[in-house]
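A structural walkthrough
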Amino acid sequence: MANHWEEVQKKLDSIHEKQLFRETRIYQGIDFCSNDYMGLATNSSMLEFFQSKKDIYPFGSTASRLVRGNAESMDRFEREFASFVEGEAALLVSTGFTANFGLLDSIAAPDCYVFTDRLNHASILDGIRISGAQKKYYNHLDLNHLRSLLEKANVEDPKNKKKRIVVTESLFSMDGDSPDLKILLSLKKEFGFVLVLDEAHAFGIYGAGGKGLVFQDLSLSEIQSIDYRVYTLGKSLGLEGGIIVTKKIGRDHLVNVMRSFIFSTAPLPMVSELASFALSLLGSMDKERKNLLSLASKLKESLKENGFVITNSTSHIIPLLLETEKEALFYAGYLQDQGLDVRAIRPPTVSTPRLRISLNAKLKLEDIHRLVEELILVRKKWNPL
Ligand SMILES: Cc1ncc(COP(=O)(O)O)c(C=O)c1O
């Protein structure tokens, strides 16, 4: 029998050789990499609110939400959130990962087809895997490809015995791009599938009041026809947690079957208190949203003018593509030494190495200029010719 620790060492050696070794490090420098897009994690009103809530006790939720872990603030936040995004009901869970993973495991089964964008987040792909459903990948954002797979499924299963589920992010975290939601909704009408839409990276920034990309692109009746919308508190709300918006019976179903909800300690009561407060701020942060989107278009323009290759980003997430893992690490290391917190993203998270530059509303135009200047300098250092 192979020795476990020898096996672990071998794996690590191979990760090192491929320049793919990762380690945790304490953050520092100007934030060009977090998901705190609206700056709420360090918002001064949030801090005052937090300090005024000294009476939140016990600190821990002490049990799962179905046992003793359900505080009044959790039910209240769910109602407020559902109402904010014009949904019928919402379910709060401990993380966005838990939300996607548990949701897909709950609604899919081996006799289902689940159609997934190839680049969907790990929490989605793992949820499909654990459900045992038949996974059908379509090419990134390619809704024509999705259509042809749906048509093929209709040939394979003409009596529609197998449930069809389509799942996609509304804004892809590692590419900064989005599917055409109008076309997606017209496919839903035509083929009648269950739709799961993950708004993790769009919520807080797009649509009126930051309600999400669906509010930018779709009518209210189209929005309300989406079966499940998944959000995380860990990005624009500056906290941690996940929330699923669905019909009232959809929530009842999840409360009864979703293993990652049932068998896990509820979020801290302080999280739902803070989340309610963050939500009350978010709707009126138009100035911050405007600043963020203006910085994003200026950065994209400037990077292109200076000959950098970026993805087809339509958002505040602006990945700069590089040739090798080593190059990505070199760029990120240099920028970090200059006080700019930019991180290299490498396989298997993405297929091509990149710097994932994500902007937030607290940045200023001078920060963007400085980033571009330093990028030009590090490119010269990497390739002196
Ligand atoms: C699209 C998407 N969904 C879900 C998650 C998971 O959310 P959380 O970080 O709250 O677990 C992430 C995390 O990055 C994500 O990018």
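Note that the structure is predicted; figures quoted are calculated from it, not measured.

**Points about the overall build of the chain**
- Along the chain, the regular secondary structure elements total 15 helices and 12 strands.
- Principal-axis analysis of the C-alpha atoms places the extent of the chain at approximately 65 × 55 × 55 Å.
- Counted over contacts in the chain with a minimum sequence separation of 6, partners at least 24 positions apart contribute 73%.

**A closer look at the environment of asparagine 154**
- Checked against the element boundaries, asparagine 154 lands in helix α6 (residues 143-156).
- Asparagine 154 gets classed as partly exposed once you count the C-beta atoms within 10 Å, which come to 13.
- In sequence terms asparagine 154 and phenylalanine 191 are 37 residues apart; their C-alpha atoms lie 9.0 Å from each other.

**Some remarks on the packing of helix α13 (residues 286-305) against helix α15 (residues 365-382)**
- Where α13 meets α15, the closest approach of the two axes is 10 Å, and the angle between their N-to-C directions is 20 degrees. As far as their axial angle goes, α15 and α13 are roughly parallel. For α13 against α15, the interelement crossing comes out right-handed. Between α13 and α15, the residues in contact are Leu295, Lys298, Leu299, Ser302 and Leu303 and Leu365, Ile368 and Val372, respectively.

**Concerning the site of the ligand**
- By nearness alone, 14 residues border the ligand, and Thr95, Gly96, Phe97, Thr232 and Gly234 come closest of all.
- The leading source of residues in the shell around the ligand is helix α4 (residues 96-107), at three residues.
- Partitioning the shell around the ligand into residue classes produces two nonpolar, 10 polar and two charged.

**Structural notes on the domain arrangement of the chain**
- Assigned domains within the chain: domain 1 (20-38 + 286-381) and domain 2 (45-282).
- Placing the centre of domain 1 and that of domain 2 at their C-alpha centroids yields a distance of 27 Å.
- The partner domain 2 presents 16 residues to the 19 residues of domain 1 that form the contact.
- Elements represented by at least two residues in the side of domain 1 that touches domain 2 include exactly α13 and β9 (317-321).
- The element best represented in the side of domain 1 that touches domain 2 is β9, accounting for three residues.
- The class makeup of the residues in the side of domain 1 that touches domain 2 is eight nonpolar, eight polar and three charged.

**Digging into the environment of leucine 335**
- Mapped onto the elements, leucine 335 comes out in helix α14 (residues 325-337).
- Residue class for leucine 335 comes out buried when judged on the 25 C-beta atoms lying within 10 Å of it.
- In this structure the C-alpha to C-alpha distance between leucine 335 and glycine 29, which are 306 residues apart in sequence, comes to 9.3 Å.
- When neighbours within four sequence positions are excluded, leucine 335 is seen to be in contact with Leu340, Val342, Glu374 and Val378.

**Some points on the packing of α4 against helix α5 (residues 122-131)**
- Interaxial distance between α4 and α5 falls to 7 Å at its minimum, and their mutual angle equals 30 degrees. In terms of orientation, α4 and α5 fall into the roughly parallel class. In terms of crossing hand, the pair formed by α4 and α5 is right-handed. Along its contact with α4, which presents Gly96, Phe97, Asn100, Phe101, Leu103, Leu104 and Asp105, the element α5 presents Ser123, Ile124, Asp126, Gly127, Ile128, Ile130 and Ser131.

**Thoughts on unusual backbone geometry**
- Following tyrosine 57, the chain continues to proline 58 via a peptide bond in cis, the omega torsion being 5 degrees.
- With an omega of 5 degrees, the peptide bond running from proline 347 to proline 348 counts as cis.
- Here proline 348 shows up in the loop between β11 (343-345) and β12 (354-358).
- Notably, glutamine 19 is not glycine yet its phi reads approximately 60 degrees, a positive angle.
- By the element assignment, glutamine 19 lies in the loop between α1 (4-17) and β1 (30-31).
- For threonine 62, which is not a glycine, the phi torsion comes out positive at approximately 70 degrees.
- With respect to the element layout, threonine 62 can be found in the loop between α2 (44-52) and α3 (72-84).

What counts and how
- Residues numbered from 1 in each chain as written.
- Predicted model: local features only at pLDDT ≥ 70, side-chain atom pairs only at ≥ 80, totals over all residues.
- Helix = DSSP H or I, 4+ residues; strand = E, 2+ residues; numbered from the N terminus.
- Contact = placed C-beta atoms within 7 Å.
- Buried ≥ 20, exposed ≤ 12 C-beta atoms within 10 Å, placed from the backbone.
- Axes fitted to C-alpha atoms, helices over the stretch in contact; angles between N-to-C directions.
- Parallel < 35°, antiparallel > 145°, perpendicular 65-115°, else oblique.
- Left-handed = near helix turned anticlockwise from the far one by under 90°.
- Near = placed C-beta within 6 Å.
- Nonpolar A, V, L, I, M, F, W, Y, C, P; charged D, E, K, R; others polar.
- Domains from an automatic or database assignment.

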